[in-house]
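What follows is the residue order along each chain.
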Amino acid sequence: MAPFSMFLALEPRLRDVWHLSNTASGWISSAYYAGYMVAVPVLVSVTDRVDARSVWLGSTALAALSAVGFGLTAQGVATALLFQFLAGAALAGTYMPGLKLIADRISGVIHPRYVAFYTTSFTVGSSASFYAIGRLESWLPWQTAVASAAVGPVIAWLLVFAFLPAAPPRTVEHTGDSLRHWKAVARSADAVRYVLAYACHMWELFAVRAWLVPFLVFVETIQGRPAFASAATVAALISLIGVPASLAGAELSARMDRRGLVTTIMLLSAVTSILLGLTISTTWAIVITMAVVYNVFVSADSAALTSGIVAVAPPESRGTAMALYSMAGFAAASAGSLAVGALLDALGGQSVTSWAFAFAMIGASNIVGANILGRART
């Protein structure tokens, strides 16, 4: 996850260096998720037929190369789009294939707690990426800070290669007919509902992650810079709140009605998103407190949704279900990130009013997701 924020943590700096509009920044941010969306149907569904470890190792190597490429050669929108796209494709071959890699090595139904610990590693990694790249950029040229992020995937590659043995995919039936797996998932109404609800969740989650640093930098123009940390560091700390929130959500989903829990969290998240957008002119204490509360709700349903798709998907087509789930989620993530930038520009640039409308739009997706998931059986 180290290259995750190679553009996001530096967006305010690169916006000035490359003379970017908010829409251009949105395009670069969304390219990461577009790369994921394009690659995930192939890289995840193939894990129903080959060991996910092979997919994971190749994709981790691509993550390292994308960080080096961005740091050493990115000079504007076109090259930034390219390396963001490649980094997103690398994530497509590591995130859900990594979960499938675990599922193939555990007997029985994978427990929500396993899913929660795995999905929170995404939050830990992305938060650490914000912090590390932000700090390195204060000491080194931004190009060196980004290229240094390649160290993370290299270490990850060595760990998995050395300590995780190969294993065949654990499916009911092995066949080259990939279309059969896609049809099986499409016939599962609950699986489709979880896919659509996840798309609504990801619209919100990654719009927030893509624009949190620019939002905090804008708040600095109103409130002055907080004495204790930079915007990238504050964003990293706020994102880390998602770790216990996601773990708690997974534990609760294992003990109570998952559907009811997730729909409630989604509705609370929609409300807090609107409230956060209205805090800019208050104080730093209120802004950060509301951002923390909002991030709790944003993250609390992540693991619960993922354990839900694992639970309701046809067992023999679980990898394909996870591919569709990820593809829809990151398509929405790409659209949400771009939509925020486009909306800010449509409203005349970054202002107190435009940010309020942006957060209202971000949170509105949860109302749609809650309505869709409310019709599921479990």
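The structure presented is a predicted model; accordingly, all values stated were derived computationally and were not measured.

**Q** Looking at this structure, I do not really get the side chain of Ser334. What am I missing?
**A** Within the secondary structure layout, Ser334 lies in helix α16 (residues 318-346). Judged by relative accessible area, which is 12%, Ser334 ranks as buried. Among residues more than four places away in sequence, those in contact with Ser334 are Ser30, Tyr33 and Ala34.

**Q** Is there a simple way to think about the layout of surface pockets in this case?
**A** Gaps between atoms show up when a probe of the same size as a water molecule is rolled over them. Here the largest pocket defines a volume of roughly 380 Å³. The wall of the largest pocket is formed by 20 residues, among which Met1, Ala2, Trp56, Leu91 and Thr94 lie closest to the centre. Contributing elements (two or more residues each) for the lining of the largest pocket: α3 (52-73), α4 (77-92), α6 (112-139) and α8 (151-163). Tallied by class, residues from the lining of the largest pocket come to 15 nonpolar, 5 polar and no charged.

**Q** Whenever I open this one, the packing of aromatic side chains confuses me. Can you help?
**A** Each pair of aromatic rings is reported with the distance of its centres and the angle of its planes. Taken as a whole, this structure holds 21 aromatic pairs when the rule is applied. Each ring, one from Phe4 and one from Phe122, has its centre 5.9 Å from the other, and the planes form 70°; the classification is edge-to-face. With a gap of 118 residues between them, Phe4 in the segment before α1 (11-17) and Phe122 in helix α6 connect regions that are remote in the sequence. Of the two residues, Phe4 and Phe122, both sit in the buried class. Arranged with centres 5.3 Å apart and planes meeting at 70°, the rings of Phe215 and Trp355 form a pair that is edge-to-face.

Reading the values: the criteria
- Residues numbered from 1 in each chain as written.
- Predicted model: local features only at pLDDT ≥ 70, side-chain atom pairs only at ≥ 80, totals over all residues.
- Heavy atoms only, no water.
- Helix = DSSP H or I, 4+ residues; strand = E, 2+ residues; numbered from the N terminus.
- Buried < 20%, exposed > 50% of the residue type's maximum accessible area, 1.4 Å probe, protein only.
- Contact = heavy atoms within 4.5 Å.
- 1 Å grid on protein atoms, 1.4 Å probe; cavity = no way out; pocket = protein on both sides within 12 Å on 5 of 7 lines; lining within 4 Å.
- Points joined across faces, edges and corners; volume = space filled by probe spheres on them.
- Nonpolar A, V, L, I, M, F, W, Y, C, P; charged D, E, K, R; others polar.
- Phe/Tyr/Trp six-rings, centres within 6.5 Å; stacked < 30°, edge-to-face > 60°.

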